[in-house]
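The lines below spell out each chain.
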Number of protein chains: 2
Amino acid sequence: MGIGQIPVAEHWDRSLRDLAGEAMISAIRDAGYDRIDAIFVGNMLSGIATKQENLGALIADWTGNPGLSAIRVEAACSSGAAALRMGIYELLSGEIEYAMIVGLEKMSETKGSETTSSLATAADADYEVASGLSFVAINALIMKHYMSVYGWKHSDFANFSINSHQNATTNPNARLKTRISLENYLNARMISTPINLLDASPIGDGAAALLLTTRNNLQKSFSNRKKILIKSSSSATDTLAVHDRIKPGWLDAAARSAVAAYKQADLSAENIDFFELHDAFSIMAALSLEACGFVEPGLGPSLAIQEEILPGGKLPICTMGGLKARGHPVGATGIYQIAEIVMQLRGQAGVNQLQNARTGMAQNIGGSGATVITHILQAE
Amino acid sequence: MGIGQIPVAEHWDRSLRDLAGEAMISAIRDAGYDRIDAIFVGNMLSGIATKQENLGALIADWTGNPGLSAIRVEAACSSGAAALRMGIYELLSGEIEYAMIVGLEKMSETKGSETTSSLATAADADYEVASGLSFVAINALIMKHYMSVYGWKHSDFANFSINSHQNATTNPNARLKTRISLENYLNARMISTPINLLDASPIGDGAAALLLTTRNNLQKSFSNRKKILIKSSSSATDTLAVHDRIKPGWLDAAARSAVAAYKQADLSAENIDFFELHDAFSIMAALSLEACGFVEPGLGPSLAIQEEILPGGKLPICTMGGLKARGHPVGATGIYQIAEIVMQLRGQAGVNQLQNARTGMAQNIGGSGATVITHILQAE
């Protein structure tokens, strides 16, 4: 596998195509190999944010690959992982041998209130957004419900954000390289009760790319790199509107997706050494840990409180800063997660390197748990 | 295969999810089988037009399939065919056995000028649209260039539109069931010289669905239906901006895509009995015929003039009305094309039934030839 990442930031000097091209070139350099048979672009908002659809053709053209098959895949904030899945299946079908997957998002050009309304397109337009809910408000209702059912306080979620910020300080691609304290967390500006600024991930411009091939080609083409295998790729959905769920504090699609991923890889939660989860909001980190079987339902925050999610803990999460501090350029996030796992599995994570990193799991969530995609990777 | 189509119209009483659900139920009824393992949605504009992304989860949820893997695929006006391709590859990979493909678009809610700007997202936002070009204007420049290079008059394109309108009169799913005359065509209101109203296809709301399975399952599951096989699925891209092409009057991606499709099916242009081409504008019909090898470059209109494209001609095209008269709900169009081919191959096209219909080809174009996807289908 070749991986490429652009730092998540406000890239006022780069257009969509620039970001994608830089990430792709970086992935090609990393792989030491430049054959591409098809391009899969994960992107959520380019139509709204930059008035540009047809990103497949845009990127194939810009990167000197006119003629190639190239499409865009969208599944809200899980667009990146969804594009990866499509690349995997076209590889497995035998139609292609080398797939370039690009996660891409450019959000800085969108004005504040437009950002809120564009992110709300991940929720149910007719039954949630039409009632006045923003995307953060939906997550706030989930968090409020969860805290009320299980008796957690807001401060019990602090370590999710503190850990992500700490890990981001040494990730050159992270958007927020600032350490935060418990006091910072508790006193942060309220966004939508109980979610405050430090419960929420920052948007941004970003692109990350993966150059993949089939197992048979690994020796021939990426021989200078440690072999990293994708052991599972599974996707599941839940009701789009959270109010339609019997248990709004449980991510059913995350559970289904994780169970299927474990089965594909012939593994269980105990075998996962670290977990790049989708901490768009701190509540999502807790719910994802529960759904994936790392802790009993209702006990997600306990792993944070006991510091088991830290780099030295039982299950390190968000080892390069997560969505919370690496940043969340929505359609690109799923590919950043995979690239970060590859760095850990290769032993290239620098200061952030985990000692025990043979099996990594990524979970990318679209909407408030409506689409959940899980990948498990292993170093051979 | 099971097929379902909603009439292309202004569906003010139906939301996105309603349209998709009706088409899917219709495809399930048609197949006489209701297993779905994954859903693939082809859609271009829902984020802009109805503020709804995450259509995979929306539709899985609405149709009673929460839990299923479901994603959206976008490639401008070729989104439908692009979604079909992704379904095909997941089937071929062995991951799933039954794929539901839905082409879906709801455009009536978008106001006039917003429609123009939303369709322009298929073109190059930075280098075409920023210069003031609309999507129809880009096609008008191509047509003007083509007429000037090869010496065709506007009236030479008339039969493309006349044929499509004639065929639509007896298609219950068509948007414009009105016959048009040469006089109507010549006197139609100018839109963007030389493209007049009767050179251009109407947008609309629509949904079409296909329930597919692997060849091994055909006997077991769709036994009450004539077996229809997808012999080829190929996709190619060209420069996004037309001004970057060496020959702006030649659809290079259409040629690449067709050549690859012929190769996959071990067929050539002579073996194609009828062709559902992408007549978004009459010029595109001419260029598609040339690119796919049905006529020499520069001679596209001659097939129309000689009436070879009519139902009784050598190569019937747009046999159910094409984009021009069945209507062009952009992301859904590619699936309508496939459903129409299936009807012809099964002998279910009613008044529109062709006598010689064993091999049908569909070509779906995203942008002004930037993404081109070709499928060849055969009755076994």
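Residues numbered from 1 in each chain as written. Chains lettered and ligands numbered in written order. Predicted model: local features only at pLDDT ≥ 70, side-chain atom pairs only at ≥ 80, totals over all residues.

Chemist: Can you break down the sheet that holds strand S10 (residues 359–366) of chain B residue by residue, with the values?
Modeler: All names here are of chain B. Strand order in the open sheet formed by 4 strands is S8-S11-S10-S9, and the pairing between neighbours is mixed. With one partner strand each, in any of the chains shown, strand S8 (228–237) and strand S9 (274–276) form the two edges of the open sheet. Within the sheet, the average angular offset between the axes of one strand and its neighbour, ignoring direction, is 20 degrees. Judged from the 3 bridges that link them, S9 and S10 form a sheet pairing that is parallel. Within S10, the position partnered with Glu276 by the bridge is Ala362. On top of the sheet, helix H4 (residues 79–93) reaches S8, S10 and strand S11 (371–379); it is set at about 115 degrees to S8, its chief contact. (Pairing = 2+ DSSP bridges. Helix = DSSP H or I, 4+ residues; strand = E, 2+ residues; numbered from the N terminus. Axes fitted to C-alpha atoms, helices over the stretch in contact; angles between N-to-C directions. Contact = placed C-beta atoms within 7 Å.)

Chemist: How would you sum up the interface of chain A and chain B? Please name residues and give values.
Modeler: Counting residues at the interface gives 49 residues for chain A and 49 residues for chain B. Contributions of two or more residues to the side of chain A that touches chain B are made by helix H2 (46–49), helix H3 (55–62), strand S3 (69–74), helix H4 (79–93) and strand S8 (228–237) of chain A. Grouping the constituent residues of the side of chain A that touches chain B by class yields 23 nonpolar, 16 polar and 10 charged. Examined bridge by bridge, S3 of chain A and strand S3 (residues 69–74) of chain B share 3 bridges and lie antiparallel to one another. When the sheet's bridge partners are listed, Glu74 of chain A is paired in S3 of chain B with Arg72 of chain B. (Nonpolar A, V, L, I, M, F, W, Y, C, P; charged D, E, K, R; others polar.)

Chemist: Let's hear about the relation of the copies chain A and chain B: which residues, and what values?
Modeler: Expressed as a screw operation, the relation of chain A to chain B combines 0.0 Å of axial shift with a rotation of 180 degrees, fitting to an RMSD of 0.0 Å. Taken together, the rotation and translation describe the operation of a two-fold axis. Comparing contact sets, 100% of the residues at the interface of chain A also lie at the interface in chain B, consistent with an isologous, same-surface contact. (Least-squares fit on C-alpha atoms with pLDDT ≥ 70 in both.)

Chemist: Describe the sheet that holds strand S4 (residues 98–105) of chain B, with residues and values.
Modeler: Within the open sheet, the 10 strands sit side by side as S1(A)-S7(A)-S4(A)-S2(A)-S3(A)-S3(B)-S2(B)-S4(B)-S7(B)-S1(B). Their pairing is mixed. The strands lining the two open edges of the sheet, one partner per strand, are strand S1 (2–5) of chain A together with strand S1 (2–5) of chain B. Averaged over all pairs of adjacent strands, the angle between strand axes in this sheet comes to 20 degrees, irrespective of strand direction. As paired elements, strand S2 (residues 38–42) of chain B and S4 of chain B share 5 bridges and run parallel to each other. By the bridge assignment for S4 of chain B, Ala38 of chain B is matched with Ala99 of chain B. The sheet strands contacting H4 of chain B are S3 of chain A together with S2, S3, S4 and strand S7 (206–213) of chain B, and the helix crosses S2 of chain B at an angle near 160 degrees. Its contacts with the sheet place helix H14 (residues 333–346) of chain B against S1, S2, S4 and S7 of chain B, and it is angled at close to 60 degrees to S7 of chain B.

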